[in-house]
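Notes for the structure review
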Amino acid sequence: MGNQIHMPPPHILSLFTLSLLLLLLLLLPLPISSSINVWPKPRTFSWPHPHSILVSPLLTISSPKHKFLTPAVNRYRRQILTEKHHHVNPPGVNPIFTPSLKALNLTVRDLRAPLHHGVNESYTLTVPAGGAAAATAVIEAETAWGAMRGLETFSQLVWGDPVRIAAGVFVWDAPIFGHRGVLLDTSRNYYEVEDILRTIGAMSWNKMNVFHWHITDSQSFPIVVPSEPELGLKGSYGEGMQYSAEDVRRVVEFGLEHGVRVLPEIDMPAHTGSWAEAYPEIVACAHMFWWPTGYAWDDRLASEPGTGQLNPLNPKTYEVIKNVICDVATMFPEPFYHAGADEVVSGCWKADPSIQTFLANNGTLGQLLEIFVNSTLPFIVSHNRTVVYWEDVLLDATVNVSASVLPPENTILQTWNNGPDNTKKIVSSGYRAIVSSSDFYYLDCGHGDWLGNDSTHDQPPGTDQGNGGSWCGPFKTWQTIYNYDITYGLSEEEAKLVLGGEVALWSEQADPTVLDPRIWPRASAMAEALWSGNRDEAGMKRYAEATDRLNEWRQRMVSRGVRAEPIQPLWCVKNPGMCNAQPI
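Residues numbered from 1 in each chain as written. Predicted model: local features only at pLDDT ≥ 70, side-chain atom pairs only at ≥ 80, totals over all residues. Heavy atoms only, no water.

1. Considering the packing of aromatic side chains
This model, assessed by the stated rule, comprises 19 aromatic pairs. The interplanar angle of 50° and the centroid separation of 5.9 Å between the aromatic rings of tryptophan 390 and tryptophan 506 together place this pair among those described as tilted. A residue pair is termed long-range when its members are at least 10 positions apart, and tryptophan 390 in strand S16 (residues 386-390) and tryptophan 506 in the loop between strand S19 (498-505) and helix H16 (515-519) qualify at 116 residues. We classify tryptophan 506 as buried; its relative accessible area is 8%. Residues tryptophan 416 and tyrosine 442 carry aromatic rings whose centres are separated by 6.4 Å and whose planes lie at 5° to one another, so their mutual orientation is stacked. Taken together, the positions of tryptophan 416 in the loop between strand S17 (411-415) and helix H12 (419-428) and tyrosine 442 in the loop between helix H13 (438-441) and helix H14 (478-483) put the pair 26 residues apart, joining distant regions of the chain. Grouped by ring-pair contacts, the aromatic residues Tyr190, Phe211, Trp213, Tyr243 and Phe332 constitute a single cluster. (Phe/Tyr/Trp six-rings, centres within 6.5 Å; stacked < 30°, edge-to-face > 60°. Helix = DSSP H or I, 4+ residues; strand = E, 2+ residues; numbered from the N terminus. Buried < 20%, exposed > 50% of the residue type's maximum accessible area, 1.4 Å probe, protein only.)

Spelled out as structure tokens, the structure:
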């Protein structure tokens, strides 16, 4: 008879053809892009034969039980199956008609590693190329926190409806810097807990791992600490604008479930006018006008409206402080404790009678700050905390302490002035540094002056408006943030002392209505630069190719519920490369 082709009956052929055509219509991508976007870009990403396979609607994710990883696994499974992300420029890859991806297996070598600075966040991810014998993807990580980073990468490889995933992918990934953070000031304006949780969730998508919560300042004391409740009840903006112990627990727990540490800052001894609502006797120059008429700038009472500094000479000061420290250390398990120490203004302390007497007896403002630090730093350390201070405590030109007061083993300095110059000063003195340079990383800059009746803005037409009243203007673009090398000018040994960086959103002109667009996607730019660097394999800055990827990433963040601002018109997003300064 020879070899014969046995055709199916006509009615079966028709059904088969229709089904095949329908599947092709669902799966065939638009041939616009040949890449898949993961943000931040992994250290190693291999996709030698770009194609995709379906993800089974019954996808299982197996992982060891872990208090914080297990909720993350459940969250990512829901997201992977329901997000159905649609790229503006779909990856131009061909689907392979094989059995769908049915499982993702997670292995974690060390389930006990806590989420502390320096924890291993590396992972490998393998997505099979397809075939009946290869229906399982694998994430291998040293710790639960690395497994969470791998889950995020896996989720970004998924798109479409029906859900499909880039197949034949191998990723090895780990951060360059261990500290990748966002600072949010909740004193000058109040943010609901849900706003904070949304921010932490978006941080986890960007593989950022430190939420620096600048909780208190002169304007308000919004946290209610159990042993000193009057500070929050009287020092906040009022009922409904306070963070309870239960609120803090929610934030901390949510952070851990997303691989994000919550670093509390209780700023002192300056920026403490709000403490005077409960304890006026321990606060110098509270409720005074910040820059009285006729005073030179150096004699001002504060660096901005909202006066008040704790009096280091009053024993009651330390009674209150120690209660606050004990409570905060209990509420926040994070091993770093941020104690502020920025912008101690000499005029405020000089306005206090007891301090005037101290200075008249040959005391100095530096000695006054040393008294304060010597009375508080050891107490914070006794709670098994490393103390983080703003750089001012050591580098301020007027009020500072000697290095002998700040043991490097217990002290980290966060820099915000003079760009790489102050980073150099800190690490060359033997201190670990967190970089938040206002020249690059301040997200509030460039929105103008917020002072009332300021005649300096009444300039005739044609006058140079400078930075429009913003002391740290201009606006910090994502390119400015992305291109900053935080170890610039440092030796190899000095660079090892740089823990990482934080972008900062100070809230004089920010509240929940603008929270998302002020932070995102500019914080994403820092996230990639600190995770995998801002240079390609040849050592060239990669901001040009990052533009199209950041456009796509911003779209995905918006689809996930974060109102990230656009970086280009939609036309540019839909026409990659056409909005470049020069053709590629």
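2. Notes on the sheet that holds strand S10 (residues 179-185)
Here eight strands make up a closed barrel; going around it, the order is S10-S11-S12-S15-S16-S17-S18-S19 and the pairing parallel. Between one strand axis and the next, the sheet turns through 30° on average, direction left out of account. Relative to S19, strand S18 (residues 432-435) runs parallel, the two sharing three bridges. Counted as the bridge partner of valine 435 is glycine 501 from S19. Docked against the sheet, helix H7 (residues 315-331) engages strand S12 (261-268) and strand S15 (336-340), running at close to 175° with respect to S12. (Pairing = 2+ DSSP bridges. Axes fitted to C-alpha atoms, helices over the stretch in contact; angles between N-to-C directions. Contact = heavy atoms within 4.5 Å.)

3. A short note on helix H10 (residues 365-381)
Each turn of an α-helix holds 3.6 residues, which means side chains three or four residues apart point in the same direction. The terminal C-alpha atoms of H10 lie 24 Å apart, and with 17 residues this matches the ideal 24 Å at 1.5 Å per residue to within 8%. Along H10, the residues classified as buried are Leu365, Gly366, Leu368, Leu369, Phe372, Val373, Thr376, Leu377 and Ile380. (Expected span 1.5 Å × (residues − 1).)

4. Some words on the pairing of strand S4 (residues 101-110)
Two strands pair when backbone bridges link them, and strand S2 (residues 51-62) and S4 are joined in this way by four bridges, in the parallel orientation. Paired with isoleucine 61 across the two strands is leucine 104, which belongs to S4. Across seven bridges, S4 lies against strand S6 (residues 136-143) in parallel orientation. Note that in S6 the partner of alanine 103 across the bridge is threonine 136.

5. What to know about the layout of surface pockets
Using a probe with the size of a water molecule, rolled over the atoms, empty space left in the structure can be pinpointed. Computed from the structure, the second largest pocket encloses a volume of approximately 750 Å³. Taken together, 31 residues line the second largest pocket, and the ones lying closest to its centre are Ser35, Ile36, Lys41, Glu545 and Arg549. Within the residue set of the lining of the second largest pocket, elements represented by two or more residues are strand S1 (44-46) and helix H18 (543-559). The element best represented in the lining of the second largest pocket is H18, accounting for six residues. Of the residues in the lining of the second largest pocket, the class split is ten nonpolar, eleven polar and ten charged. (1 Å grid on protein atoms, 1.4 Å probe; cavity = no way out; pocket = protein on both sides within 12 Å on 5 of 7 lines; lining within 4 Å. Points joined across faces, edges and corners; volume = space filled by probe spheres on them. Nonpolar A, V, L, I, M, F, W, Y, C, P; charged D, E, K, R; others polar.)

6. Points about the nonpolar core
Core analysis: the largest hydrophobic core is formed by 149 residues, its most contacted members being Phe154, Trp213, Trp275, Phe332, Tyr389, Val393 and Trp520. What tryptophan 213 contacts, discounting residues up to four positions off in sequence, is Leu184, Thr186, Ile196, Tyr243, Val248, Val251, Val262, Leu263, Pro264, Glu265 and Phe332. Membership of the second largest hydrophobic core comes to eight residues, among which are Trp390, Trp416, Cys472 and Trp506. (Core = buried A, V, L, I, M, F, W, Y, C linked by side-chain atoms within 4.5 Å.)

7. Re the state of the cysteines
Applying the stated rule across the entire model yields three disulfides. Here cysteine 285 is linked by a disulfide to cysteine 348, with a sulfur-sulfur distance of 2.0 Å. The sign of the S-S torsion, about -100°, decides the handedness of the disulfide formed by cysteine 285 and cysteine 348: left-handed. One end of the pair, cysteine 285, is in the loop between strand S13 (283-284) and strand S14 (309-310); the other, cysteine 348, is in helix H8 (residues 346-350), and 63 residues separate them in sequence. Exposure remark for cysteine 285: the relative accessible area of 8% places this residue in the buried category. Classification of cysteine 348 by relative accessible area gives buried; the value is 0%. Across the disulfide, cysteine 445 is cross-linked to cysteine 472 (sulfur-sulfur distance 1.9 Å). The sign of the S-S torsion, about -105°, decides the handedness of the disulfide formed by cysteine 445 and cysteine 472: left-handed. Here cysteine 472 lies in the loop between H13 and H14 and cysteine 445 lies in the loop between H13 and H14, a separation of 27 residues in the sequence. Using a relative accessible area of 6% as the deciding quantity, one classes cysteine 472 as buried. (Disulfide = S-S within 2.5 Å.)

8. Brief notes about the UniProt feature "active site" (unreviewed entry) in the protein
Those places that UniProt annotates as "active site" (unreviewed entry) correspond, in this numbering, to Glu343. The class for glutamate 343 is partly exposed, based on a relative accessible area of 23%. In contact with glutamate 343, other than residues within four places in its own chain, are Ala270, His271, Ser303, Gln309, Asp392 and Trp416. Among the polar contacts made by the side chain of glutamate 343, one reaches the side chain of histidine 271 at a distance of 2.9 Å. (UniProt positions renumbered as here; feature names shortened; annotations may be inferred. Polar contact = N/O pair within 3.5 Å; in protein donor to acceptor, adjacent residues only side chain to side chain.)

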